[in-house]
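Tertiary structure, described
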Amino acid sequence: MVKDGKIIYVGKEKEARAYANANTEIVDCKGQFVMPGFIEGHGHIHGLGSSLMNLNLMNAKNWDEIVNMVAEAVKKAKPGDWIIGRGWHQEKWNPSPAKNHLGYPYHEELDKVSPNNPVLLGHASGHSSYVNAKAMELANITDQTKNPAGGDIVKDKDGKIVGVLEETAQGLASMTYGAWLNKKTIEERKAEWMRGIQLAEEESLKSGVTSFQDAGSSFQQVEWMKELAQQGKLNIRHWLMVRAGNNSLRQNAQVFPIMNEENGFLTVKAIKVSLDGALGSYGAWLLESYEDRKEFYGQNTFPMDSLRKIAEFSWEKNLQLCVHAIGDRANRETINIFSEQIQKDKKKDHRWRVEHAQHVNPAEIPRFKQWNVIASMQSIHCTSDAPFVEKRLGAKRAEEGAYMWKAFLKEGVVVTNGTDVPVEKIDPFDCYYAAVTRKQKNGVPFYPNQKMTREEAIYSYTMANAYAAFEEKQKGSLELGKYADIVVLSNNLINCKEEDIKNTKVLMTFVGGKLKYSGNGKKSF
Ligand SMILES: [Zn+2]
């Protein structure tokens, strides 16, 4: 039973009917599986929005297909317009490009189809970008350009630029693209952003996601989001981590905290820092070198002394610090920095988070517990990256330290869940399937001893995510007094056949008791 957006009764039908009056709307779920709305524990709401407006390369089978997609986009663009896309992954291409370096094709084919339009194509992980000659010309990238700290302009043995910019080197092209965007008026940019948010919210509701934890908003995006909240225009609940440098954080300190704006549609009281990159793009910062790139340890993408200052700032201001750490070195350094602050007051309920906590040295697992740090993980990354994890890390590191959900849980560490959308699709069922089976596309499970039980996986996607945002009293379960954020599903996720999990359909999504999506096309936003 729901009133004013909150749950006022949970239990038997007969008793529930006692609350009803002539104005009560009764929804018959016909015995289908009802559960709390999914909380996306780590995604990129603005990135999801733009991915729905730009080229989506996630399903491209190979490089040729991507070149064709760019060629089509060029036909529709004006000369000089940037062609933007995201989602390619060289490890997923079949066949791999004939002429390549580290699996990356050369940029010439893009130049042929797009001689006058700069092209910028983000890797699925977001940790590298593909550019064509026009983009490099505008960004002044030549064979002589030095690598920026924490980044790599990938060159072959002859010193020739391949076309891929890894980690911070992406900034060379994205800044030039940003300068082009900045020529648009603020109103144009805001309108485009709002269109993106609308599409991203629709995509979330369709997937049964009623709350979204964003891993990296700018202060400008926070301001726009607050406006939408105050106008009552948000359709799902947002929890944003702010990504900004030390100076900007201090200058804008008065923005924090934004708490439960408009009945819980917007909260901003967390900070995001990325300490390294991703494994697929050789950016994960490792203790020992890559198995398939000897003497290469990945990238430290944020200076440690700046992180230390941000940690101090977060501790003083009671903000949650969320550090992206994928490699075992990045995880170790993050816990080291966290512990410097946490030891000031071990009893403080800080709920600091390591985003991904993907590849850890076994020695780190008890340290997460010791310092009460949350492992903010994404099950789908495991099965999606599995085909190249052993290649990058070797079997021993893969077995002892890759996607150690169960080991973290056994240690008593809070493990959350999410998809990192648009790195992966926002689909909670694919992610849940990965959590409980660890099965790759070919059906082979990746170290299945680390599987979660179905109950653990549902908890990770609801209550654990709520806890990781200090919101466990408002959401994450169907209990008295909590928001009526509810989904009705076509399968029982606790006892349906394993292979049916992925076919689960969202029949209805309610946010604050309002029907926001229904599988038969009815929606109310
Ligand atoms: Zn992310």
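Keep in mind that this is a model prediction, so the values were computed, not measured. (Residues numbered from 1 in each chain as written. Predicted model: local features only at pLDDT ≥ 70, side-chain atom pairs only at ≥ 80, totals over all residues. Heavy atoms only, no water.)

1. As for the pattern of salt bridges
Here is the rule we go by: By definition here, a salt bridge exists when the distance from a side-chain nitrogen of Lys or Arg to a carboxyl oxygen of Asp or Glu is within 4 Å. Secondary structure elements are defined from DSSP: runs of H or I of at least 4 residues count as helices, runs of E of at least 2 residues count as strands, and each element is numbered from the N terminus. Exposed residues in this analysis have more than 50% of their type's maximum accessible area, buried residues have under 20%, and partly exposed residues fall in between, with area computed by a 1.4 Å probe over protein chains only.
The tally for this structure, following the rule as stated, stands at 26 salt bridges. Two residues, Glu364 and Arg332, come together in a salt bridge whose shortest N-O distance is 2.9 Å. With Glu364 in helix α13 (residues 364-370) and Arg332 in helix α12 (residues 328-342), this residue pair connects regions lying 32 residues apart in the sequence. For Arg332, a relative accessible area of 27% gives the class partly exposed.

2. Structural notes on the packing of aromatic side chains
Centre distance and the angle of the planes are the two values used to describe a pair of aromatic rings. Cut-off, in case you're wondering: Only the six-membered ring of Trp is used, alongside the rings of Phe and Tyr, when aromatic pairs are assigned; centres must lie within 6.5 Å, and planes under 30 degrees apart are stacked while those over 60 apart are edge-to-face, with the rest tilted.
For the structure shown, the criterion picks out 19 aromatic pairs. Relative to Trp93, the ring of Trp63 has its centre 5.6 Å away and its plane inclined at 45 degrees; by these criteria the two rings are tilted. Separated by 30 residues along the polypeptide, Trp63 in helix α3 (residues 63-76) and Trp93 in the loop between β6 (83-88) and β7 (100-101) bring together distant segments of the chain. The residues Trp63 and Trp93 share a single accessibility class, namely buried. Ring geometry for Phe368 versus Phe408: centroids 4.8 Å apart, planes at 65 degrees, classification edge-to-face. Taken together, the positions of Phe368 in helix α13 and Phe408 in helix α15 (residues 405-411) put the pair 40 residues apart, joining distant regions of the chain. Take Phe368 and Phe408: they sit in the same class, and that class is buried.

3. Details of the coordination of the zinc ion
We count it as follows: For Na, K and Ca the donor cut-off is 3.2 Å; for every other metal, N, O and S atoms count as donors within 2.8 Å. Water does not enter the count, which can leave sites looking incomplete.
Taken together, His42 (NE2), His44 (NE2) and Asp420 (OD) make up the protein donors of the zinc ion, found 2.1 to 2.2 Å from the metal. Between consecutive donors of the zinc ion, the numbers of intervening residues give the motif H-x1-H-x375-D. Of the two residues, His42 is situated in strand β4 (residues 38-43) and Asp420 in the loop between β20 (415-416) and α16 (428-437); the sequence distance between them amounts to 378 residues. The exposure class of His42 is buried, given its relative accessible area of 1%.

4. So, the sheet that holds strand β5 (residues 55-56)
Inclusion rule: Whether two strands pair depends on DSSP finding at least two bridges between them. Contacts between residues were defined by any pair of non-hydrogen atoms, one from each residue, lying within 4.5 Å. Axis geometry follows a simple rule: fit a line to the C-alpha atoms, using only the stretch in contact for helices, then measure angles between N-to-C directions, giving values from 0 to 180 degrees.
If you trace the 6 strands from one edge of the open sheet to the other, you get β5-β6-β9-β10-β12-β11, paired in mixed fashion. Edge positions in the sheet fall to β5 and β11 (151-155), since each of these pairs with one other strand and no more. Summarising the sheet, strand β10 (residues 128-131) and strand β12 (residues 161-167) pair through 3 bridges and their orientation is antiparallel. Bridge pairing in β12 places Ser128 opposite Glu166. With respect to the sheet, helix α6 (residues 170-182) is in contact with β6, β9 (119-123), β10, β11 and β12, its orientation differing from that of β12 by roughly 90 degrees.

5. Regarding the nonpolar core
Defined as follows: Here, the term nonpolar core denotes a set of buried Ala, Val, Leu, Ile, Met, Phe, Trp, Tyr and Cys residues that are joined through side-chain atoms within 4.5 Å.
Counting 126 residues, the largest nonpolar core has Phe368, Phe408 and Leu493 as the members making the most contacts within it. The contact partners of Phe368, leaving out residues within four places of it in the chain, are Asn331, Ile335, Val354, Ala357, Val360, Val373, Ile374, Ala375, Phe408 and Val413. Residues Trp82, Ile153, Ala169 and Leu181 belong to the second largest nonpolar core, which totals 15 residues.

6. Regarding the sheet that holds strand β23 (residues 514-518)
Within the open sheet, the 4 strands sit side by side as β3-β21-β22-β23. Their pairing is antiparallel. The open sheet terminates on both sides in strands that have one partner only, identified here as β3 (33-36) and β23. Each strand of the sheet is rotated relative to its neighbour by a mean of 20 degrees, with strand direction disregarded. Pairing between β3 and strand β21 (residues 486-489): 4 bridges, direction antiparallel. Bridged to Pro36 within β21 is Ile486.

7. What about the pairing of β23?
Burial runs high along β23: 4 of the 5 residues are buried. Direction of pairing for strand β22 (residues 506-511) relative to β23: antiparallel, over a ladder of 4 bridges. Each bridged residue has a counterpart across the sheet, and for Phe510 the counterpart in β23 is Leu515. Hairpin connection, β22 to β23: the antiparallel pair is bridged by 2 residues, and Gly512 has positive phi, about 55 degrees.

8. Comments concerning the pairing of β6
We apply this condition: By definition, the crossover connecting two strands over a helix is right-handed if that path, from the first strand to the second, turns clockwise as seen with the strands pointing away from the viewer.
Counting buried residues along β6, 5 of its 6 residues qualify, which places the element largely inside the surrounding structure. As paired strands, β5 and β6 are joined by 2 bridges and run parallel to one another. Within β6, the residue paired with Asn56 across the bridge is Arg86. Taken together, β5, α3 and β6 form a β-α-β motif whose crossover is right-handed. In this structure, β6 lies alongside β9, joined through 5 bridges in parallel fashion.

Any functional reading would require information beyond the geometric quantities listed.
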